[in-house]
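One letter stands for each residue in the lines below.
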6 protein chains.
Amino acid sequence: MFLRIDKLQVELPVAEHPDPSAARLVQELLGGRFGEMTTLMCYTYQSFNFRGRRELKPFYDLVANIAAEELGHIELVAATINGLLSGTAARGPSPDARLSGVAGAGNPHHFLVSGQGALPVNSLGAPWTGDNVFTSGDVVLDMLHNFFLECGARMGKLRVYESSTNPISRAMCGYLLVRGGVHQLAYARALEKLTGVEMSRMLNVPKISNESIPEARAFHEKAVHRTLYRFSPDDYRDVDKVWNGRHPEDGSELRVVDGPPEGAAMPNLPEEPQVYAPGYDPRELHEIAARLMRGA
Amino acid sequence: MFLRIDKLQVELPVAEHPDPSAARLVQELLGGRFGEMTTLMCYTYQSFNFRGRRELKPFYDLVANIAAEELGHIELVAATINGLLSGTAARGPSPDARLSGVAGAGNPHHFLVSGQGALPVNSLGAPWTGDNVFTSGDVVLDMLHNFFLECGARMGKLRVYESSTNPISRAMCGYLLVRGGVHQLAYARALEKLTGVEMSRMLNVPKISNESIPEARAFHEKAVHRTLYRFSPDDYRDVDKVWNGRHPEDGSELRVVDGPPEGAAMPNLPEEPQVYAPGYDPRELHEIAARLMRGA
Amino acid sequence: MFLRIDKLQVELPVAEHPDPSAARLVQELLGGRFGEMTTLMCYTYQSFNFRGRRELKPFYDLVANIAAEELGHIELVAATINGLLSGTAARGPSPDARLSGVAGAGNPHHFLVSGQGALPVNSLGAPWTGDNVFTSGDVVLDMLHNFFLECGARMGKLRVYESSTNPISRAMCGYLLVRGGVHQLAYARALEKLTGVEMSRMLNVPKISNESIPEARAFHEKAVHRTLYRFSPDDYRDVDKVWNGRHPEDGSELRVVDGPPEGAAMPNLPEEPQVYAPGYDPRELHEIAARLMRGA
Amino acid sequence: MFLRIDKLQVELPVAEHPDPSAARLVQELLGGRFGEMTTLMCYTYQSFNFRGRRELKPFYDLVANIAAEELGHIELVAATINGLLSGTAARGPSPDARLSGVAGAGNPHHFLVSGQGALPVNSLGAPWTGDNVFTSGDVVLDMLHNFFLECGARMGKLRVYESSTNPISRAMCGYLLVRGGVHQLAYARALEKLTGVEMSRMLNVPKISNESIPEARAFHEKAVHRTLYRFSPDDYRDVDKVWNGRHPEDGSELRVVDGPPEGAAMPNLPEEPQVYAPGYDPRELHEIAARLMRGA
Amino acid sequence: MFLRIDKLQVELPVAEHPDPSAARLVQELLGGRFGEMTTLMCYTYQSFNFRGRRELKPFYDLVANIAAEELGHIELVAATINGLLSGTAARGPSPDARLSGVAGAGNPHHFLVSGQGALPVNSLGAPWTGDNVFTSGDVVLDMLHNFFLECGARMGKLRVYESSTNPISRAMCGYLLVRGGVHQLAYARALEKLTGVEMSRMLNVPKISNESIPEARAFHEKAVHRTLYRFSPDDYRDVDKVWNGRHPEDGSELRVVDGPPEGAAMPNLPEEPQVYAPGYDPRELHEIAARLMRGA
Amino acid sequence: MFLRIDKLQVELPVAEHPDPSAARLVQELLGGRFGEMTTLMCYTYQSFNFRGRRELKPFYDLVANIAAEELGHIELVAATINGLLSGTAARGPSPDARLSGVAGAGNPHHFLVSGQGALPVNSLGAPWTGDNVFTSGDVVLDMLHNFFLECGARMGKLRVYESSTNPISRAMCGYLLVRGGVHQLAYARALEKLTGVEMSRMLNVPKISNESIPEARAFHEKAVHRTLYRFSPDDYRDVDKVWNGRHPEDGSELRVVDGPPEGAAMPNLPEEPQVYAPGYDPRELHEIAARLMRGA
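Reading the values: rules and limits
- Residues numbered from 1 in each chain as written.
- Chains lettered and ligands numbered in written order.
- Predicted model: local features only at pLDDT ≥ 70, side-chain atom pairs only at ≥ 80, totals over all residues.
- Heavy atoms only, no water.
- Helix = DSSP H or I, 4+ residues; strand = E, 2+ residues; numbered from the N terminus.
- Buried < 20%, exposed > 50% of the residue type's maximum accessible area, 1.4 Å probe, protein only.
- Contact = heavy atoms within 4.5 Å.
- Buried area = accessible area lost by both parts, 1.4 Å probe.
- Salt bridge = Lys/Arg side-chain N within 4 Å of Asp/Glu carboxyl O.
- Polar contact = N/O pair within 3.5 Å; in protein donor to acceptor, adjacent residues only side chain to side chain.
- Phe/Tyr/Trp six-rings, centres within 6.5 Å; stacked < 30°, edge-to-face > 60°.
- Lys NZ or Arg CZ within 6 Å of the ring centre and 35° of its normal.
- Least-squares fit on C-alpha atoms with pLDDT ≥ 70 in both.
- 1 Å grid on protein atoms, 1.4 Å probe; cavity = no way out; pocket = protein on both sides within 12 Å on 5 of 7 lines; lining within 4 Å.
- Points joined across faces, edges and corners; volume = space filled by probe spheres on them.
- Nonpolar A, V, L, I, M, F, W, Y, C, P; charged D, E, K, R; others polar.
- Pairing = 2+ DSSP bridges.
- Expected span 1.5 Å × (residues − 1).

> Which residues make up the overall build of chain A, and what are the values?
Scanning chain A from terminus to terminus reveals eight helices and five strands. Ordered by position from N to C terminus, the α and β elements of chain A give β-β-α-α-α-α-α-α-α-β-β-β-α. Projected onto its principal axes, the C-alpha coordinates of chain A cover approximately 65 × 45 × 35 Å. Among the 296 residues that make up chain A, the fraction classed as buried is 73%.

> Can you tell me about the interface of chain C and chain E, naming the residues and giving the values?
Listed by partner, the interface residues are 26 residues for chain C and 22 residues for chain E. For the chain C and chain E pair, buried surface summed over both sides reaches about 1800 Å², with 60% attributable to carbon and sulfur atoms. Considering only the surface of chain C that becomes buried against chain E, Pro 95, Leu 112 and Tyr 276 of chain C emerge as the three largest contributors, covering 36% of it. Applying the counting criterion to the chain C and chain E interface returns one salt bridge. Across the pair Lys 207 of chain E and Glu 284 of chain C runs a salt bridge whose closest N-O atoms are separated by 2.7 Å. On inspection of chain C and its partner chain E, the count reaches twelve residue pairs in polar contact (both at pLDDT 80 or more). Broken down by element, the side of chain C that touches chain E gets its largest block of residues, three residues, from helix α5 (residues 109–112) of chain C.

> Please give an account of the packing of aromatic side chains that cites residues and values.
Ring pairs (aromatic) are described by centroid distance and by the angle formed between their planes. Summed over the entire model, instances satisfying the criterion amount to 60 aromatic pairs over all chains. Between Phe 34 of chain C and Phe 148 of chain C, the ring centres sit 5.7 Å apart and the planes meet at 85°, which makes this aromatic pair edge-to-face. Of the two residues, Phe 34 of chain C sits in the loop between α2 (28–31) and α3 (36–49) while Phe 148 of chain C sits in helix α6 (residues 139–162), which places them 114 residues apart along the sequence. Using a relative accessible area of 3% as the deciding quantity, one classes Phe 148 of chain C as buried. Here the aromatic cluster, defined as three or more aromatic residues joined through ring pairs, consists of Phe 34, Phe 134 and Phe 148 of chain A together with Phe 34, Phe 134 and Phe 148 of chain F. Sitting over the face of the ring of Tyr 161 of chain D, Arg 170 of chain D holds its NZ or CZ atom 4.3 Å from the ring centroid.

> Could you give me a rundown of the relation of the copies chain C and chain E, with the residues and numbers involved?
Superposing chain C onto chain E takes a rotation of 120° combined with a translation of 0.0 Å along the rotation axis, leaving an RMSD of 0.0 Å. A rotation of that kind, with that shift, is consistent with a three-fold axis. A different interface surface on each copy is seen, since only 4% of the contact residues of chain C are contact residues in chain E too.

> Which residues make up the layout of surface pockets, and what values go with them?
The computed volume of the largest pocket comes to approximately 460 Å³. As for the largest pocket, its lining consists of 26 residues, and the residues nearest its centre are Arg 24 and Gly 106 of chain B, Arg 24 of chain D together with Arg 24 and Gly 106 of chain F. For the lining of the largest pocket, the secondary-structure elements that each account for two or more residues are α1 (20–31) of chain B, α1 (20–31) of chain D together with α1 (20–31) of chain F. Split into classes, the residues belonging to the lining of the largest pocket amount to nine nonpolar, 14 polar and three charged.

> Can you lay out the relation of the copies chain A and chain B for me, pointing to particular residues and giving the numbers?
Of the two same-sequence chains, chain A is brought onto chain B (RMSD 0.0 Å, axial shift 0.0 Å) by a rotation of 180°. The superposition of one copy onto the other is thereby described by a two-fold rotation axis. Of the interface residues in chain A, 100% have counterparts in chain B that sit at the interface too, so the contact is made through matching surfaces.

> Before we move on, could you go through the side chain of Ser 47 of chain E and cite the residues and values that matter?
Here Ser 47 of chain E lies in helix α2 (residues 36–49). Looking at Ser 47 of chain E, its side chain comes within polar contact range of the main-chain oxygen of Thr 44 of chain E, at 2.6 Å. Once residues lying within four places of it in the same chain are set aside, the contact partners of Ser 47 of chain E are Arg 53, Tyr 60, Val 63 and Ala 64 of chain E together with Arg 4 of chain F.

> Can you tell me about the pairing of strand β3 (residues 227–230) of chain E, naming the residues and giving the values?
Residues and elements named next belong to chain E. Burial along β3 is two-sided: Thr 227 and Tyr 229 facing one way and Leu 228 and Arg 230 facing the other are all buried. With four bridges joining them, β3 and strand β4 (residues 255–258) adopt parallel strand pairing. Looking at β4, one finds that Thr 227 is bridged to Arg 255.

> An account of helix α6 (residues 167–195) of chain A is needed here, citing residue identities and associated values.
The end-to-end C-alpha distance of α6 of chain A, which contains 29 residues, comes to 41 Å, matching closely the 42 Å that a straight helix rising 1.5 Å per residue would cover. Of all 29 residues making up α6 of chain A, 27 are buried, and the element is well covered by its neighbours.

> I'd like to hear about the interface of chain A and chain B, residue by residue, with values.
Between chain A and chain B, the residue contacts involve 92 residues of the former and 92 residues of the latter. Interface area for chain A against chain B, summed over the two sides, is near 7900 Å², with a carbon-plus-sulfur share of 59%. When the buried area of chain A at its contact with chain B is split by residue, Met 1, Arg 4 and Arg 51 of chain A rank highest and sum to 15% of it. For Arg 51 of chain A, the salt bridge goes to Glu 272 of chain B, with nearest N and O atoms at 3.7 Å. Taken together, the links from chain A to chain B amount to 39 residue pairs in polar contact (both at pLDDT 80 or more). Breaking the side of chain A that touches chain B down by element, the ones donating at least two residues are β1 (2–4), β2 (7–8), α2 (36–49), α3 (57–85), α5 (139–162), α6 and α8 (282–293) of chain A. Ranked by the residues each element gives to the side of chain A that touches chain B, the list is headed by α3 of chain A, at 13 residues. Residues of the side of chain A that touches chain B, tallied by class, amount to 52 nonpolar, 22 polar and 18 charged.

Structure follows, in structure tokens:
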């Protein structure tokens, strides 16, 4: 079972200027082969299918707990895309050719299909697919996959970061580079425990440190890079059997924090009447709200 | 953000006999167009993309909260599939042609790919895809979609129920028929509040009452069919602005319960050495566990 | 069986200026999830699979007859795309880099694959797929689906309308908004007959009247919005058992007209030699025609 | 525009015994790469996109007219599948495990998704896709494609014929082998007129005559193999500029018949209550019918 | 078995200016339905599956040998794409928003996924798929398919040629038009031998001679258009039983050359540090090389 | 460029009994996500896209050379599938319901589409797709991917081995386990050279030695497990800069052999007239052969 908290894991700045092209590219981090939908669903299904979880509980706990964090990551990337899409079209009631200004821009489904909202697709607009899920049942093979997956995901974030100067996109990439780095290291540690091979020496794939990314470095200073949050009221307590020792980059001590990060308030996405989102004008919205409050 | 609790929403019986063919069919409820992956992701993305959430907060709360429950539903269907797959192949170490007995049975990926585990695919083995997600941004259209989606999902559960006498499959279908019925009614109520059209009169699509299904009726007696759980420590408190009034079938009062259902312990899936799940023999598992506990 | 008439259902203006980007967007109405290929094939397969058609003949007649009309709709959207594509590239014989001016524009398959012609794909260029067809066998569920589908299709048309000022695109959207409205109301009426729930009160999803769209309003004045054409020489005569009563917007009487609308002449698409469509120069075309007329 | 006639192009025998496995295979002729959906949509889109249709009218007429016939072919294959599926499951009201007898049989979507109805999918259950449509704009290339497509389709029909002894499947294959042969020859003739290459000498690909198939030979005796029906009240009159001369197998004269074949009554598919098709019991059906007749 | 030679089949000029949009279009010739991946895999699988190869050895040899040449064709198209992508982004170490200049250009996967490298996808970025492979087992049908496939491929090359003035793209198209013409004629000859129908009269589909393309004409002068290379040390010697006679365009004699063409040196693709290709700076590369040479 | 030799890399026994179900499963090793099409195309595209190949020549040579070997692997798996399919259907001329005995068996496309031949699809019949290709441009990430890919491929082979007792299937799995082990170790060595992390200690994923598989052990005795063949007349000579040192399992010395293995004669696949493969009867085949030899 899962619970939900109406907060983002980290605060995102407001998009400085709407940018349908950047929104299209950021989709790669949501619905691409190495995007957050894939990390989420790989770890979720691996936790569902885990056999021998009694004896291998620390590994089960690790995968199951990281899966829970990934739910917050798809949320964060979606919020970035929604931020980038807000205000892209000429705002106002239709019909008035208000979408003509974005007719050739970005992903057309952001306007014709989702009403300026995020979609589970990649930067080409191709849908995320269950074929991206790897769950072999073999714990070493699954951990090796997960380590590789996080390396591939790191590459994706670095390239998307490189594609835009928009603060919302950069802030999201910076935070997820740090959190992805934690997951990458966690699976490296798991492989070390299982096979003795020192995978944590291969952390910087590609060969650049998160310290070089200003929006990531800020989180290093807050110890976010060496912290595994336990995203559960009471469970998954054996994650510290894997997540322990020292961080390979700065030698700081790895630590487990009980509970999620403090998080930040959900942004209130502005209305986009030209795509009928949410489909009511302000007066009507007010009336509906009033009616519901009266219990009708 | 999301938290995770290491429990199933409801207890499942042990599968009476392993059944790869039933496991293949149950996949329709997980990765099919009307399966739980679809309900989960539709509501999740609708909550991400919700515009005007301040004024329409009761609808936002409803969708966001049901999304959280759906996470437990993919978990429950996966547990059913895993239960049905346990013991299907001749258990023991390879190589000894141990999979030859299931060479023509069920979904071959259950043996060759996932190691007797659930996959995000439908009954044909085709992967779940992001194309199944509907998020238009228009609140009435999204609610209408969700109502229709739950009707389609209801049909799927009834037909899968009809396909097997295995207790684990039937118990899962029974519970999800009831919970799906709650979601169906919730979206019907939302449409009633928004448009005045009495959608709750169209609950039994197809035309059979949950009362006719023994495994569902049991939950009616425990009021599960008129209960909306609030799957959150503190948020989504305005769901009661939509989920109120009387149940159209028995006239009982709709109620909101704070927090998730009590739930049941996660089953410990037995090891399946012939597919290397988890890939260690019992002695090795013991050693790994001992080593981790020593902090090595 | 089907017969074909070499006319469009309605006259389309000439595209004012060629526009590959608009052509790409209009494809959403042809091959998108809620495009005319989907409405066509949903109703066609539902009519093929209809069980109990003797007792439920009015519903069978309705679905089967609307399917026939939808054939003319894919034709109309394709004609719009073809109109928008005519003249986009530098017209003349190759090789002379005549496509270099459209190298980054619109859907590249319109130039490299179809020779400036329509394709059964959506606005991303992704192919229409049979997964879009819903045919459950349950008449209420099918009608509910169809009603929802028409609402989703309405959203698509409104957003494509909003994307362009090109008269051909707007004229097509206007006409199809009206005809789609007829189908939406027809399925609403079917649901009312079957369940008693007043679905026709939910016609304007999204919340804008066709009356607000000049290119649609013109057809209201000609009663097109309250007319169900019987697209058959002799069959489907019981459609009037469902299509009767008053239009929910203006209270006018719903009526059945025997036979198709008058229609308009097929446009003669100009030749595009740079993509070898049709692959002969005018002199050669003349010779071929002369030869055929001589019976050779 | 299109009109619809509530008849099949040819009479089909009743399926001697229900057969979900045969139904699954026959799907290849409906939604496979060389199935009737593909021939239908190739010719339909080629007719939509035809440039230079004034000068090349006989070719335009040919393609446009054959497209209309193909609509009746998807209808005929669907009727065969529906005939094979009728009675496969234990007929009666649910819940009573009535689908357990077909849990491992055929295409599971025939039971879980379509309610024992045909789907636009192939023999693997994979959906038909717009990628199967070929429309290049070049008239020679399109005719060459169509000739090849009909050869490939012929192979498919011969192999499906070879897979079953069920009379309904064989009758359908026999008829479509003959009609497909007409289309194959028509495109061969078109290529002969355009290029001078004697394609009609390559008719029997693969190398077996329709005369060897009893269910096909019967139609040869009725001249069906040398008849091009004009599926239109008034149009496409220049098909005889291409469809003329002698049949390469028996030297008989090719002829054009105005209007469709006589056809046969649509079979009334029996109800399948266990999959809720159509979802009402006989008493309810009677009441609905009575109510509609009263105009309510 | 296959051997590899580290050379291109023909020399390519350096791309005059980087062009992500042209790179995207050229992908159609690599991973499109009629691209080189398709010709390669069709002939490869037909050679694998060839039944009766003893008696039909000349046809087997022909298909197997052309398959080997096609491996060099995917190599050549990939080299063109890589040439067009080199230098598109601001070259230098990240992070410095170096990809922002190409954020809306071409195929985003060329930057986010492949690191400015070719991918097995078409001009839309959709992946090549095994559905493109045709292998029926019937030798006439396979040859007919192959002839049609080469005609379709010819159309693709002509249209891509028409899309760009970049010398690298034009040179590649010119060479492949000639080599594709050889394959087209080879399959025409095969059909002539098998059926007697003079397919080689249909070579110029579409209706333009390679002689009209300057970059193709140059190879005609070197007899490349009438040469079948035997891509094997010792095998496939019976290709001359099919590839013989005169070229239909210029009457020159068809000839078989033992062994591959002379070829040209592989271009050394420059490093693109902003996408981490290959991920080391020059000093590090030097150190690695030195270390390996020392045997460490 | 590539050359082809008309031999298999290793001799395969004749299939003891035809088995369509085993043929379907073996397809996973050909067209599955971890099948030979994927290893082939990953290494092929990585070699096409390699930047900095001058400095990193040993790594380029390694990847380019292994790609050439993989061509022989798809050939070997296809030969196994063809062996398993030969004789499955009642052999003889149609029409005589000869495929009715295999109507529910294996992959229906093996009979309806490919004429009892291998296809580029997985065990579900889903086509191989270019989405399976990983080519990031970063040499460490690519090597890590390749190491993981070979581990996943190893799991696939072990499970397919476990699924059948048919000698042809087991012999193929045994050989490919050994050759895949060589590639796995080669990429481990590459990572060791680049990062210093001892990946070769992780060879047995999953945790079973090839020594336990009789059909693999035989090749160990012939040193096949420590041999890298140089599949080129003259190139890729620096593979020994990476492939050197000792084998981690038995301490034997790694060696490079110039040229391919000796190989074995291609099997002559028997004719299957019921599916028209190759479509001629023996007398006709004889006539065609004689005619070609006469030069006609």
